[in-house]
Structures are given as C-alpha cells and as structure tokens.
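Examining the three-dimensional arrangement
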Amino acid sequence: MQLYSEHYVTVKAERFVNKVWCLDNSVGESLIENKLVLPNGCFNLALITGNSIEVHTSKAKYQMNEGVYFCSQMTNKVLVNIQQKTKVTIIQLHTWALSMFPKYDLSNFTDSIIKIDAAELPFKIQTNSNIEIVLNTINTYFETLSDLNSEKNTIEKICEIIRLREDEISVSEISTALKSSQRLLQIKFKTATGLTIKKYIQILKFRKSVDQMVNSDLEKLKLTDIALYNKYFDQSHFIKKFKDVTKTTPKTFDPDSYFLSHKR
C-alpha cells in the first residue's frame, strides 16, 4: 500500500484545483506519526474516513475524526499523525479558488482547521468516495465554474502576475499592473486568502527553493546558488527564512519526513 499518492484533475478544472492527494493508512495496523507538511499557498479540503488524524499547526492541535474539514492557508510546517484504519483524501485548491465565493471572509483565518457539514459544499461528495468518484465530481464542478467565470477576478489576476514573474515582484508593481490602489488590493487579498500579498510571495519563494533542493544534488548545488536563484539576499538570509518555517536548517532537512509534491 502506498501511503502518499497524487491524482490530477483536467486542464480546465486545474484552473482552481492544484491536485487531489491521499494519505492512505486504511489497511495499516499501526499509527503513522510525525509526518510533516510544508506551506504551499493552497487551501485544502480534507475528507476523512475511518478513525482519525491528528494535526498540529503553529496555532493549535486538531483531532480530526471522520468527516469533512477545511484547512486554511498554512504559514509554517504542519505535523500529522495518522491513525490505523484511516484514509484522508485532500482536495488542494489554488489560492484564488475561495475568492469565487465572496461571502467568505478569511482575513483572520490562517494556520487553522474547521470541520464543516458536507451539505455546505457546493458539490456533493461522500467522505468514503473512491478517488475516481472524487476526481469526476471535482472535474465536473470546477469545469462548470470555469465556464461560468471566463473572466479572472482580482485575486486570480494578482496570483497570476506573481507566478508568471521570473524575479520577485512588489505590491507596488502589482497595483500598477492592475491599475488599482495598493491598499484596496491588500484588503481584497487578505479577505480572500488570509494572507498578505507579501506573505504569499514569500511562501511561493520558499516552496520553490525547497523543491529545488529536493530535486537537486545538494553536494553539487550550493546553498548560495539556491539562495541567489530564489532572490534571497544571501545564504544567511535563506537559512534564516528556512528555519522560520521548518525549525531546521537546509543542510539537516530530511525530505523523507515530509509529504512533498511529486515532480510533474
């Protein structure tokens, strides 16, 4: 049995959904503990069946029994313990996905998890649905959402500008590109994501550097190269920011302790 697996949606649905990933300990007879997850700028919708998982964020410890849970943006690493006979299916939503539902104010909602009623979801899904049913449901709903909203809203445009820019961009430059005030953009972004624009940029930069470390030979690729490539001031600055999130240094970072995205 493979504990961690990734599954991908259609190109059209991928506008809002990054991927679907599973943590499957459904036939396991023992607790899987002290696994870690890094922030990546996405929201997660978790479907839990079986016993439970325990999640430690920088703010609180959550005991998540069978049900549906909404996980906010995370700004630090998260520790996960998975009970035996438990499976978690996680729908990973892009940063701007929740902005399609303007009734939600996420200004003060980061590093947090809440249990929700499945009936509140805009699509019908069971916690014990197999991955094929989950993917079909997600594809159908988000393809339709994309068709109904061909124009990108402000949050999606901000994220697109940040992601397409090779070097680091300032809020001032984003406001100029969108012909909008910095203050208005900051308020809209914080309401829709819980993050400031600057924090979002920092998270993306951090994840890019981690992915580069994991997918490279650190014996050949120096930390200075990674730091400069990802627009940190220098190696010391990179190490400090790395420790802020992971509580460890790049040299002692153990990828096997983490659930990291597969290279696509």
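Summary of the structure given here.

1. Notes on helix α2 (residues 154-164)
- Three or more residues of α2 are buried, namely I155, E156, I158, C159 and I162. Down the axis of α2, the smallest arc covering the buried residues is 160 degrees, so these residues share one side.
- Tucked into the core, α2 has its buried residues touching α3 (171-178), α4 (182-193) and α5 (197-214).
- With a side-chain oxygen positioned 3.2 Å from the backbone nitrogen of I155, the residue opening α2 is N153.

2. Concerning the nonpolar core
- Counting 46 residues, the largest nonpolar core has I91, F123, F142, I162 and I197 as the members making the most contacts within it.
- A per-element tally of this core places helix α1 (residues 131-148) first, with 7 residues.
- Apart from the residues within four sequence positions on either side, I162 is in contact with I169, I174, I197, Y200, I201 and L204.
- Among the nonpolar cores identified, the runner-up in size contains 22 residues, and L23, I53, M64 and F259 belong to it.

3. As for the packing of α2 against α5
- Relative orientation of the contacting elements α2 and α5 amounts to 40 degrees, with a least axis distance of 11 Å. On the basis of their axis angle, the class for α2 and α5 is oblique. As α2 packs across α5, the resulting crossing turns out to be right-handed. Residues I158, C159, I162 and R163 of α2 touch α5, and the partners they reach there are I197, Y200, I201 and L204.
- Across the contact of α2 with α5, the residue classes break down as 7 nonpolar, no polar and 1 charged.

4. Side note on the environment of V171
- Here V171 is to be found in helix α3.
- Judged by relative accessible area, which is 11%, V171 ranks as buried.

5. A word on the pattern of salt bridges
- One pass over the structure, following the stated rule, counts 9 salt bridges.
- The closest approach of N and O atoms between E173 and R165, which form a salt bridge, is 3.1 Å.
- Residue R165 is classed as partly exposed on the basis of its relative accessible area of 29%.
- The salt bridge partner of K240 is D244, with a shortest N-O separation of 3.6 Å.

6. Observations regarding the packing of α2 against α3
- It is the contact of α2 with α3, at a shortest axis distance of 11 Å, that shows an interaxial angle of 125 degrees. Overall, the two elements α2 and α3 adopt an arrangement that is oblique. The handedness of the crossing between α2 and α3 is right-handed. Judged by residue contacts, T154, K157, I158, I161 and I162 of α2 engage I174, A177 and L178 from α3.
- Of the residues assigned to the contact of α2 with α3, the class counts are 6 nonpolar, 1 polar and 1 charged.

Calculation rules
Residues numbered from 1 in each chain as written. Predicted model: local features only at pLDDT ≥ 70, side-chain atom pairs only at ≥ 80, totals over all residues. Heavy atoms only, no water. Buried < 20%, exposed > 50% of the residue type's maximum accessible area, 1.4 Å probe, protein only. Helix = DSSP H or I, 4+ residues; strand = E, 2+ residues; numbered from the N terminus. Arc of directions from axis to C-beta. Contact = heavy atoms within 4.5 Å. Polar contact = N/O pair within 3.5 Å; in protein donor to acceptor, adjacent residues only side chain to side chain. Core = buried A, V, L, I, M, F, W, Y, C linked by side-chain atoms within 4.5 Å. Axes fitted to C-alpha atoms, helices over the stretch in contact; angles between N-to-C directions. Parallel < 35°, antiparallel > 145°, perpendicular 65-115°, else oblique. Left-handed = near helix turned anticlockwise from the far one by under 90°. Nonpolar A, V, L, I, M, F, W, Y, C, P; charged D, E, K, R; others polar. Salt bridge = Lys/Arg side-chain N within 4 Å of Asp/Glu carboxyl O.

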